[in-house]
Structures are given as structure tokens and as C-alpha cells.
Amino acid sequence: MTTPLTTRRTLLRLAGAAAATGMSGLLVPAHAQGVAPTPSMRGGANNYRPGAPVVARIGGGGFWMTGTVRRAGDGAPLAGQRIQIWAHTTEGQERDPQSHGATLTDAEGVFRLEMPQIIPAFGQAHGHLAYDSGEFQTVFLRPVMARASDTSLNADFVLQPA
Amino acid sequence: MPSTKVARARAGLVWAGLLVALIVPVLAAAASPLLAWRDPVYILAGLAGVLGLALLLVQPLLAGGMLPGVSLARSRRAHRWIGGGLVAAVVIHVAALWITSPPDVVDALLFRSPTSFSVWGVIAMWAVFAAALLAASRRRLRLRPSTWRRAHTALAAVIVLGTVLHALLIQGTMETVSKILLCALVVAATARVVAGRRTPTRRPR
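In this text, all values refer to a predicted model and were calculated from it rather than measured experimentally. (Residues numbered from 1 in each chain as written. Chains lettered and ligands numbered in written order. Predicted model: local features only at pLDDT ≥ 70, side-chain atom pairs only at ≥ 80, totals over all residues. Heavy atoms only, no water.)

Enquirer: Give me the overall build of chain A: which residues, what numbers.
Expert: Scanning chain A from N- to C-terminus turns up 1 helix and 8 strands. Ordering the α and β elements of chain A from the N terminus gives α-β-β-β-β-β-β-β-β. Across the 162 residues that make up chain A, the buried fraction comes to 42%. Restricting to contacts in chain A with at least 6 residues of sequence separation, those with at least 24 account for 74%. Surface summary for chain A: the accessible area is close to 8,500 Å², and the carbon and sulfur share equals 57%. (Helix = DSSP H or I, 4+ residues; strand = E, 2+ residues; numbered from the N terminus. Buried < 20%, exposed > 50% of the residue type's maximum accessible area, 1.4 Å probe, protein only. Contact = heavy atoms within 4.5 Å. Areas by Shrake-Rupley, 256 points an atom, 1.4 Å probe, with all protein chains shown as cover.)

Enquirer: Could you give me a rundown of the pattern of salt bridges, with the residues and numbers involved?
Expert: Going through the model one piece at a time under the given rule, you end up with 3 salt bridges over all chains. For D74 of chain A, the salt bridge is made with R71 of chain A, and the minimal N-O distance between the two is 2.7 Å. Using a relative accessible area of 34% as the deciding quantity, one classes D74 of chain A as partly exposed. For R71 of chain A, a relative accessible area of 33% puts it in the partly exposed group. In this structure, D107 of chain B engages R112 of chain B in a salt bridge whose closest nitrogen and oxygen atoms are separated by 2.7 Å. For R112 of chain B, a relative accessible area of 42% puts it in the partly exposed group. (Salt bridge = Lys/Arg side-chain N within 4 Å of Asp/Glu carboxyl O.)

Enquirer: Could you give an account of the environment of D74 of chain A, with specific residues and numbers?
Expert: All names here are of chain A. Turning to its location among the elements, D74 is positioned in the loop between β1 (63–71) and β2 (82–87). At a separation of 2.7 Å, a polar atom in the side chain of D74 contacts the side chain of R71. Polar contacts involving the side chain of D74 include one to the main-chain amide nitrogen of A76, which spans 3.1 Å. (Polar contact = N/O pair within 3.5 Å; in protein donor to acceptor, adjacent residues only side chain to side chain.)

Enquirer: With reference to specific residues and values, describe the interface of chain A and chain B.
Expert: Chain A puts 19 residues into the contact, and the matching count from chain B is 23 residues. Run the count over chain A and chain B and you get 0 salt bridges. Summed over the shared surface of chain A and chain B, the result is 10 residue pairs in polar contact (both at pLDDT 80 or more). Tallied by class, the residues present in the side of chain A that touches chain B amount to 6 nonpolar, 9 polar and 4 charged. (Nonpolar A, V, L, I, M, F, W, Y, C, P; charged D, E, K, R; others polar.)

Enquirer: Which residues make up helix α5 (residues 116–136) of chain B, and what values do they have?
Expert: All names here are of chain B. Taking 1.5 Å of rise per residue, 21 residues should cover 30 Å, and α5 covers 31 Å from first to last C-alpha, within 8% of that figure. Along α5, the residues that are buried comprise F117, S118, G121, V122, A124, M125, A127, V128, A131 and L134. Contacts made by the buried residues of α5 are with α3 (72–100), α4 (102–109), α6 (138–141) and α7 (145–169). (Expected span 1.5 Å × (residues − 1).)

Enquirer: Report on the nonpolar core, specifying residues and quantitative values.
Expert: What tends to happen in soluble globular proteins is that the nonpolar side chains get buried as a cluster. All names here are of chain B. In this structure, L53, L57 and V186 are the most contacted members of the largest nonpolar core, which totals 31 residues. Of all the elements in the fold, those that place two or more residues in this core are α1 (2–30), α2 (40–63), α3, α5, α7 and α8 (176–196). Ranked by residue count, the leading element in this core is α2, at 8 residues. Residues within four places of L53 in sequence aside, it is in contact with T163, A167, M174, L182, C183 and V186. (Core = buried A, V, L, I, M, F, W, Y, C linked by side-chain atoms within 4.5 Å.)

Enquirer: Describe the sheet that holds strand β6 (residues 139–141) of chain A, and please don't skip the residues or the numbers.
Expert: All names here are of chain A. Here we have 4 strands laid out as an open sheet, ordered β3-β2-β5-β6, and antiparallel in their pairing. Every other strand in the sheet has two partners, leaving β3 (100–104) and β6 as the edge strands with one partner each. Averaged over all pairs of adjacent strands, the angle between their axes in this sheet comes to 20°, without regard to strand direction. Pairing of β2 with β3, which is carried by 5 bridges, proceeds in the antiparallel orientation. Each residue of the ladder has a partner; that of I83, found in β3, is T103. (Pairing = 2+ DSSP bridges. Axes fitted to C-alpha atoms, helices over the stretch in contact; angles between N-to-C directions.)

Enquirer: Kindly report on a nonpolar patch on the surface, identifying the contributing residues and their values.
Expert: Residue and element names in this part refer to chain B. A surface patch of nonpolar side chains, amounting to about 280 Å² of accessible area, comprises L19, I23 and L27. Within the secondary structure, L19 sits in helix α1. The class for L19 is partly exposed, based on a relative accessible area of 45%. (Patch = residues over 30% accessible without salt bridge, like charges linked within 9 Å, V, L, I, M, F, W, Y side chains within 5 Å.)

Enquirer: A description of a positive patch on the surface should follow, citing residues and the corresponding values.
Expert: All names here are of chain B. A contiguous patch of positive charge on the surface is contributed by R74, R77, R80 and R139. With 3 residues, the top contributor of residues to the positive patch is α3. Mapped onto the secondary structure, R80 falls in helix α3. (Lys, Arg positive; Asp, Glu negative; His and termini not counted. Charge placed at Lys NZ, Arg CZ, Asp CG, Glu CD.)

Okay, here's the thing in C-alpha cells:
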């Protein structure tokens, strides 16, 4: 007869699997109240220019900024939300007006904006995103690219009413 | 005499090695592809930082009188001048970064930056200023030479540690291999002089 061994490793594996399942959204209905709002990141608001126009594309494109916008609590996708995006790219530094643009989320709360390639600036290849439309509390994000050669970057918002 | 020939050859090798160790990283940074997407002020900021790091290799060698063919007195005089140059490089580095992106530099100076290398850089900056101030007011302070030296050496260690971590964690214009090698040389030279302390402690004239 074999005894099933519960080692520390299997426990960790189970816990990891459970955490991954929870975070993947499969258990969202069961944890309806548990979707916490996204806090602003340190340095997220740096070189922010209020009122960046909604554009089809920033500059010549070639790089994709993607993400989702959901409501805190029930995690429902938020459509038509304006997300402002800027970064140091091959076409301008963070402060330059042409480095800024905005886009709207679709019915599933997803946004995608093409922009020039982000390049390392101030020591890290990173982008900036802002939700600042007033209906929900303002959030500034500053995601960092895993590699400077990446051609996309993702950032997800969970907003709470203002 | 063969012994002087050997000594001369050795001196030549040391100086050639030092020049290569200083010049290659600077040239590599000056050839960085990132420069194409930076304006002149930002380029100046980066190069001032690279030059500052390079000067950190010369400083311990001069302080310890380890460069062949240079008397200890002349070595110490050069150490003072290059220390002044290091302060200038730090000031240019920070000021030009401030012009490039004020909020990022303010965050760094207030220790609330999202990047850890900023913290190390700012610590090293204050240590550079403190070490220079200590050197400039050496006579007025009337510290015992051994006390003064211990304080200056401790600040030098903070400068080197902070700067090396700052440089290694940054994804910037420096080429990776030459950056790591230069940092290793800076740490080795500093450790040798700090640990060795073989040179005589001299009172200021």
C-alpha cells in the first residue's frame, strides 16, 4: 500500500494553483465582492499632461499598450472609459506633447492603443497610464517592461467610484 | 639595467591598462543606440554620470599612491583636483536630469522614486558632497589625521558602493560588459586601498 505524501512542495503547488485559479477570473462570481481597486503607482503621474486627445494611434505606432478597466467590488468591465497614455519613445521624450494620447475602452472594458516603441528612460523601459475622468477615483500607473525589446506592455485598472 | 627596464615596462602596462579601463566604457556609452532618442541635455546627463564612475577608479589609486612614476605628494594633489571634478560631474548629472524630467529627479531626491537605483544614486551623491566638504575644511576641522582619514575613507566606501549599485541596476547608455568590468575595477581598487592603508598618514601642510 502506498501512503500519499503531503510534502511542503505539494502544498505549495496546491496553494499556487488555487491562487492562480482565483486570479485568472474563473472564481470571480464566487468572489464578487473581492475585486480590490488598483492603487496608483509611485512616479505614475510624472510628466502627466492633462487632457491628452483621444487618438487612433500615437505617432507612427509599432508598439502596443494594452489593458482592461473594471469596477472595484464586482469586477464588471467598464466600457467607454478614457485612458491616457505616455512614455519616452523613439519619437519623443515623456514631456513632449506628441508622446501623449488617449483611448477608450470597448464593451468588454478592454483598451489597445498603438504607439511608437518605448525605450529605456531614467533607467527603465516603462510606460505611464492615467485614468482621470472624474467618475471614478484617479489612478496613475507606471508599468515596467520585462525587456527593452518588448513590443507591447499591459496595465489593468480596477476603479472605485469617486 | 634589466630591473629598471622591467619596472618601466610594468609602469607602462599599468598606465595603458588604466587608460583602456577608463576610455572604453566612456566610448561605448557614447556609441549607445539610446542616444538617438535623447536630446542633448539628457545625453550630457548620462555622460556626466559615466565620467563620474570612471573617476572613481582613479581616486583610490591616487589616494593610495599606487600609480607608478607619480610621487605621493603629486598623487594626493591630483586626488584633490579630481575630487573637485567628481563633484562637478555629479552636479552636472543631477542638474541635467532635472532639466530632462523634473518630477523624476524630485522623486529621487526625496527618496520616493519607484526605482531602487535612484536611492543608491542619491546616497552616493550626498556622500560625494560630504567627502568633498570634509576635504575642503580639513585644516579648519583640526581633526586628528587618523580620524579625518577614517571619516573620508568611510564616505569613499559609501560613494563607491552607492555608485556601483546605481550603475549596475540602471538600464542606460552604458554597454553592459564594459560597465560591469569598470564597476569591478572600481570596487577592487577601493577595497585594496581601504583594506591596505599602507600609505603614511600625512598632516596637511
